[in-house]
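Summary of the model geometry
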Amino acid sequence: ELMTDRISRLRVETREILKIAACVGSWFDLMTLSLIQNMSIDFVLSCLSGAIDEGLIVSKGQVYTFYHDRIQEAAYSLIPVEEKVRMHNRIGRLLLQNTEKKDFNEKILYIVNQMNEGKSLIHTEDERLELARLNLTAGIKAKTSAAYRSALHYFSTGIELINNADSGDNGCINCWNGFYDLALSLYSDAVESAYLCTEYSEMDTYADAVLANARNIFDKIPVYESLIHKFVAQNRPLDAISTGLDVLKIFNIR
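Everything numeric here is computed off the predicted structure, so don't read it as measured data.

Regarding the layout of surface pockets
Taken as a whole, the largest pocket holds about 480 Å³ of empty space. Along its surface, the largest pocket is lined by 16 residues, and Asp 29, Thr 32, Leu 95, Lys 107 and Tyr 110 are the ones closest to its centre. Those elements that place two or more of their residues in the lining of the largest pocket are α3 (30–37), α6 (81–98) and α7 (101–117). Ranked by residue count, the leading element in the lining of the largest pocket is α7, at four residues. Of the residues assigned to the lining of the largest pocket, the class counts are six nonpolar, five polar and five charged.

Written as structure tokens, this is what we have:
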């Protein structure tokens, strides 16, 4: 409440730019704010000057940061819910369009986080599929960095998006028919990530979807491997052996 009161006393331009900065994150740079607001860097800096004078934000080289997390939270709390969604969607879109190819891998998680916050404004199938693919890329990067819970979040978000991408009544069935490769990748990676997070119930849900919809045994193999690992982790060795033997029988190996 103290921080909210301090921010409310700032001039309007400073308050508005602080709200944008709070949506961007705990740190931000002048170029990003300039792009989002379609303002010159000098004007953005002049808007921030009041917050700098009040000690609400500080400069750290080429970037700025809120002096304390509570200050960012206070600025963020001043934004109506609907406006937050629009703002995150706009920030994500602008960064996606303006990020150079060489910097994309470095910024993918940040871009996807912004776009996921604004995903309720995405209504077309193409936009949903685009964001689902971005979540797949983000999930793979998070999994490679051993951030398994974040990876699971990205994969599950991608699954949610492709299940809603087709307006048909069959939902998941249509996503497997229309976007097979994307669905297979999202579900298979979600199975492995859920196993690594010990979210076994969620893992089984995704595994069942792959085993029911995958077109050939080779596409099912990674899921069977994860199920075997799960059974071992649950001290169910007979189930692990049985699963392995069942798959070998499909290959006519006795």
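So, the side chain of Thr 157
Residue position: Thr 157 is located in helix α9 (residues 148–165). When near neighbours in sequence (up to four residues on either side) are disregarded, Thr 157 contacts Asn 116, Lys 119 and Asn 135.

Digging into the sheet that holds strand β3 (residues 63–66)
The strand order across the open sheet built from three strands is β1-β3-β2, with neighbouring strands paired in antiparallel fashion. With one partner strand each, in any of the chains shown, β1 (27–28) and β2 (57–60) form the two edges of the open sheet. Summarising the sheet, β2 and β3 pair through four bridges and their orientation is antiparallel. Residue pairing across strands places Ser 59 opposite Tyr 64, the latter belonging to β3. Against the sheet, helix α4 (residues 41–53) engages β1, β2 and β3, with an angle of about 115 degrees to β2.

Overview of helix α14 (residues 237–250)
Here α14 is 14 residues long and its end C-alpha atoms lie 20 Å apart, about the 20 Å a rise of 1.5 Å per residue gives. Of the positions making up α14, those classed as buried are Ala 240, Thr 243, Gly 244 and Val 247. The buried residues of α14 occupy an angular sector of 95 degrees when the element is viewed end-on, so they sit on one face. Against α13 (217–233) lie the buried residues of α14. The first or second residue beyond α14 is Asn 252, which carries a positive phi of 60 degrees.

Brief notes about the pattern of salt bridges
Going through the model one piece at a time under the given rule, you end up with 13 salt bridges. For Arg 6, the salt bridge is made with Glu 54, and the minimal N-O distance between the two is 3.7 Å. Here Glu 54 lies in the loop between α4 and β2 and Arg 6 lies in helix α1 (residues 2–8), a separation of 48 residues in the sequence. The exposure class of Arg 6 is partly exposed, given its relative accessible area of 29%. Taking relative accessible area as the criterion, Glu 54 reaches 44% and is therefore assigned partly exposed. With a shortest N-O distance of 2.8 Å, Arg 236 and Asp 239 are connected by a salt bridge. When its relative accessible area of 32% is taken as the criterion, Arg 236 is described as partly exposed.

The rules behind these values
- Counting of residues starts from 1 at the beginning of each chain's written sequence and follows it residue by residue.
- Predicted model: local features are reported for residues with pLDDT of at least 70 only, side-chain atom pairs are reported and counted for 80 or more only, and whole-chain, interface and lining totals are derived from all residues.
- The basis for every side-chain value is the complete set of heavy atoms in the structure, and neither hydrogens nor water enter the calculation.
- Put plainly, a pocket is an open set of points on a 1 Å grid over the protein atoms alone with protein on both sides within 12 Å along at least five of seven lines, a cavity is a set where a 1.4 Å probe fits but cannot get out, and a lining residue has an atom within 4 Å of a point.
- Grid points are joined across faces, edges and corners, and a volume is the space filled by probe spheres set on the points.
- Strands are runs of DSSP state E lasting at least 2 residues, helices are runs of H or I lasting at least 4, and numbering of each runs from the N terminus.
- Polar here means any residue outside two lists: the nonpolar Ala, Val, Leu, Ile, Met, Phe, Trp, Tyr, Cys and Pro, and the charged Asp, Glu, Lys and Arg; Gly therefore counts as polar.
- Residue contacts are defined here by distance: any two heavy atoms, one from each residue, within 4.5 Å place the two residues in contact.
- A strand pair is defined by DSSP finding two or more bridges across the two strands.
- Here the axes come from fitting lines to C-alpha atoms, over the contacting stretch only for helices, and the angles between their N-to-C directions go from 0 to 180 degrees.
- Multiply 1.5 Å by the residue count of a helix minus one, and that product is the helix's expected span.
- We call a residue buried when its accessible area falls under 20% of the maximum for its residue type, exposed when it is over 50%, and partly exposed in between, using a 1.4 Å probe and counting protein chains only.
- The arc in question is the one traced by the directions running from the helix axis out to the C-beta atoms.
- What makes a salt bridge here is a side-chain nitrogen of Lys or Arg within 4 Å of a carboxyl oxygen of Asp or Glu, nothing more.

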